[in-house]
Amino acid sequence: MAGSFVLNTGASIPPVGLGTWHAAQGLVGGAVCAAVKVGYRHLDCAPSYGNEKEVGMALHRLFQDGVVKREDLFITSKLWYSNNGPQYVPEAIQTTLDDLQLEYLDLYLIHGPIRLKKGSAPISENSLPCDIPATWAAMEKLHDAGRARAIGVSNFSCRKLEALLAVARVPPAVNQVECHPGWRQARLRELCRSAGVHLSAYSPLGSPAAAGAGAPSVLGHPVVASIAGRLQRTRAQVALRWGLQVGQSVLPKSTDEARIRENLGIFGWSIPEALMAEFSGIEQVKLLRAEFGVNPVNGYKTLEDLWDGEI
Ligand SMILES: NC(=O)c1ccc[n+]([C@@H]2O[C@H](COP(=O)([O-])OP(=O)(O)OC[C@H]3O[C@@H](n4cnc5c(N)ncnc54)[C@H](OP(=O)(O)O)[C@@H]3O)[C@@H](O)[C@H]2O)c1
């Protein structure tokens, strides 16, 4: 795949990864096979997506049929909130490696700076105090042992990332966060750039299915539509290409073969600087929100309050 980004480990991360959240069982395996066959070399997985076993079966078939070699793929997974404690980390990665039928991950992320009671739903009432430095030390051991060739975080605000950078022996290679033209993360991107942490953009199309009714549409925004028209590209391609040009990898999810192919069609052309400037006119709204009742114990209102999400 054209133009990889380089992580602080020295490894390359392919600029486009296939997202697998909400990729239903029965569809996700086909999507992974289709994506790899058209040239994707990066997959974004997580145990909380409930589909890692099917992804693993698809990978096994692809390796067995000689379509791609393991070393040519970049595979990410994540440590779920209920495993966010040092004692749970070795078993959690082993379960993911078993499900994905892999010996190692290219990138293992703390899914968010949140800890939940075991087996509980992701609502603030189920949150527990979270010791990120202790979990990170366990992640560093996985890195030392080669089970995760790079380690990183997800949903970390500037404040959380700075706190981790201050104590990490192995600095995080990646912060994976919501990022698209409607939520550009300027401050976080600048911090990541200055600290050598790669920003990987989730929901790069504005997550049209998950954002919910009434949420602003990134692909429907007049600026995105107008730039797409002028460049004769699709709106999705323009949103993804914007991400590459601001220096981040993008993780579009699709289980539709035509859209999987379309989302890779973002190389060999670029958005001219004058048009890049027009994105700054798009009003900023974080789309992925989990609104829950106030927790009487800690006063938190939403999971985002636990992330202390910032612009
Ligand atoms: N770390 C985290 O906490 C976190 C959170 C959210 C997401 N993620 C990761 O990031 C990935 C992407 O984020 P996301 O799934 O929220 O949203 P997204 O990639 O922004 O949007 C996916 C949606 O857009 C549709 N779509 C895909 N390509 C399209 C195209 N070319 N034109 C129009 N619609 C298109 C998909 O439908 P079809 O499938 O029908 O094409 C799906 O409904 C996830 O799958 C996951 O791997 C991580």
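The shown structure was predicted, so the numbers you read here are calculated from the model rather than taken from an experiment.

### Observations concerning the overall build of the protein chain
Argument step 1. Each helix and strand in the protein chain was counted, giving 11 helices and 12 strands.
Argument step 2. Relative to its length of 311 residues, the protein chain is compact, with a C-alpha radius of gyration of 19 Å against a globular reference of 19 Å.
Argument step 3. Of all 311 residues assigned to the protein chain, the portion counted as buried reaches 46%.

### Things to note about the packing of helix α1 (residues 28-38) against helix α2 (residues 52-64)
Argument step 1. At a minimum axis distance of 8 Å, the contact between α1 and α2 shows a crossing angle of 40°. What the angle tells us is that α1 and α2 run oblique. Crossing of α1 over α2 shows right-handed handedness. Mapping the contact onto sequence places Val 28, Gly 29, Val 32, Cys 33 and Val 36 in α1 and Glu 54, Val 55, Met 57, Ala 58, Leu 59, Arg 61 and Leu 62 in α2.
Argument step 2. Broken down by class, the residue content of the contact of α1 with α2 amounts to nine nonpolar, one polar and two charged.

### Section: the pairing of strand β11 (residues 198-202)
Argument step 1. Buried residues dominate β11, accounting for five of its five residues.
Argument step 2. Across the two faces of β11 the burial is the same, with His 198, Ser 200 and Tyr 202 and Leu 199 and Ala 201 all buried.
Argument step 3. Both strand β10 (residues 174-178) and β11 contribute to a ladder of five bridges, which runs parallel. When the sheet's bridge partners are listed, Glu 178 is paired in β11 with Tyr 202.
Argument step 4. Here two bridges tie β11 to strand β12 (residues 249-250), and the two strands are oriented parallel to one another. Bridging from a neighbouring strand, Ser 200 pairs with Ser 249 of β12.

### Structural notes on the sheet that holds strand β4 (residues 42-44)
Argument step 1. As summarised here, the arrangement of the eight strands in space is β3-β4-β5-β6-β9-β10-β11-β12, forming an open sheet in which the pairing is parallel. Lying at the two open borders of the sheet, with one neighbouring strand each, are β3 (18-19) and β12.
Argument step 2. Sheet contacts for helix α3 (residues 89-100): β5 (74-79) and β6 (107-110); angle to β5, the most-contacted strand, approximately 140°.

### Some details on the packing of helix α7 (residues 222-231) against helix α8 (residues 235-245)
Argument step 1. Look at α7 against α8: their axes get within 8 Å of each other, and the N-to-C directions meet at 100°. Between α7 and α8, the angle is such that the two are roughly perpendicular. Residues Val 224, Ala 225, Ile 227, Ala 228 and Leu 231 of α7 touch α8, and the partners they reach there are Arg 235, Val 238 and Ala 239.
Argument step 2. Of the residues that constitute the contact of α7 with α8, the class distribution is seven nonpolar, no polar and one charged.

Cut-off values and rules
Along each chain, numbering runs from 1 in the same order as the chain's sequence is written. The predicted nature of this model means local features are confined to residues of pLDDT at least 70 and side-chain atom pairs, given and counted, to a pLDDT of 80 or more, with totals for whole chains, interfaces and linings taken over all residues. The secondary structure listing takes helices from DSSP runs of H or I that are at least 4 residues long and strands from runs of E that are at least 2 residues long, numbered from the N terminus. Only C-alpha atoms enter the radius of gyration, while the globule expectation follows 2.2 Å times N to the 0.38, with N the number of residues. With C-beta atoms placed from the backbone, a residue is buried if 20 or more other C-beta atoms are within 10 Å of its own, exposed if 12 or fewer are, and partly exposed between those counts. Every axis corresponds to a line fitted to the C-alpha atoms, with the helix fit spanning only the stretch in contact, and the corresponding angles, defined between N-to-C directions, vary from 0 to 180 degrees. These descriptions rest on fixed angle ranges, namely under 35 degrees for roughly parallel, over 145 for roughly antiparallel, 65 to 115 for roughly perpendicular, and the rest for oblique. Should the near helix be turned counterclockwise from the far one by less than a right angle, the crossing is left-handed, whereas a clockwise turn marks it as right-handed. A pair of residues counts as a contact when their C-beta atoms, built from backbone coordinates, are within 7 Å of each other. Classification convention: Asp, Glu, Lys, Arg as charged; Ala, Val, Leu, Ile, Met, Phe, Trp, Tyr, Cys, Pro as nonpolar; all other residues, Gly among them, as polar. For two strands to count as paired, DSSP must find a minimum of two bridges between them.

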